[in-house]
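# Descriptive analysis of the structure
The lines below spell out each chain.
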Amino acid sequence: TALNSGALTLLPDAVARAEYQAFESVQTANGAYQYRAAGDGHDDCIIADMLMWRAMNAAPIGVYSAD
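Keep in mind that this is a model prediction, so the values were computed, not measured. (Residues numbered from 1 in each chain as written. Predicted model: local features only at pLDDT ≥ 70, side-chain atom pairs only at ≥ 80, totals over all residues. Heavy atoms only, no water.)

Below, the discussion takes up the pattern of salt bridges. Within this structure, the stated rule accounts for one salt bridge. In this structure, Arg36 and Glu24 form a salt bridge, with 3.0 Å as the shortest nitrogen-oxygen distance. Of the two residues, Arg36 is situated in strand 2 (residues 33-37) and Glu24 in strand 1 (residues 23-27); the sequence distance between them amounts to twelve residues. The class of Glu24 is partly exposed, set by a relative accessible area of 28%. (Salt bridge = Lys/Arg side-chain N within 4 Å of Asp/Glu carboxyl O. Helix = DSSP H or I, 4+ residues; strand = E, 2+ residues; numbered from the N terminus. Buried < 20%, exposed > 50% of the residue type's maximum accessible area, 1.4 Å probe, protein only.)

In structure tokens form, the structure reads like this:
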């Protein structure tokens, strides 16, 4: 959502771009979603980005400001 809305912009990194392009979501039988790398791909960069985004949103206001 953050990427689609423009709230988050990624660095132009070829490895991360390839991981994002191969990333997939699958809906389970109970309606939940699983997110993973397609096939035998990697998702290390994506997991790191998600953890960073989560930490930034959990931080007190102003901790990560550019001011």
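Time to look at the side chain of Asp49. Examined against the element boundaries, Asp49 turns out to sit in helix 3 (residues 44-58). Within the buried core, Asp49 has no salt-bridge partner, and the shortest N-O distance to an opposite charge, that of Arg17, equals 11 Å. (Lys, Arg positive; Asp, Glu negative; His and termini not counted.)

Further remarks concern the pairing of strand 2. As judged from the five bridges shared by strand 1 and strand 2, these two strands associate in the antiparallel manner. Bridge pairing in strand 2 links Ser25 to Tyr35. (Pairing = 2+ DSSP bridges.)

Next up on the list: the packing of aromatic side chains. For the coordinates displayed, the defined rule picks out two aromatic pairs. Aromatic pair Phe23 and Tyr35: ring centres 6.5 Å apart, planes at 10 degrees, arrangement stacked. Of this pair, Phe23 sits in strand 1 while Tyr35 sits in strand 2, placing them twelve residues apart in sequence. Among the residues examined, Tyr35 registers a relative accessible area of 54% and is labelled exposed. Note on Tyr33 and Tyr35: the rings are 6.5 Å apart at their centroids and 25 degrees apart in plane angle, and the pair reads as stacked. (Phe/Tyr/Trp six-rings, centres within 6.5 Å; stacked < 30°, edge-to-face > 60°.)

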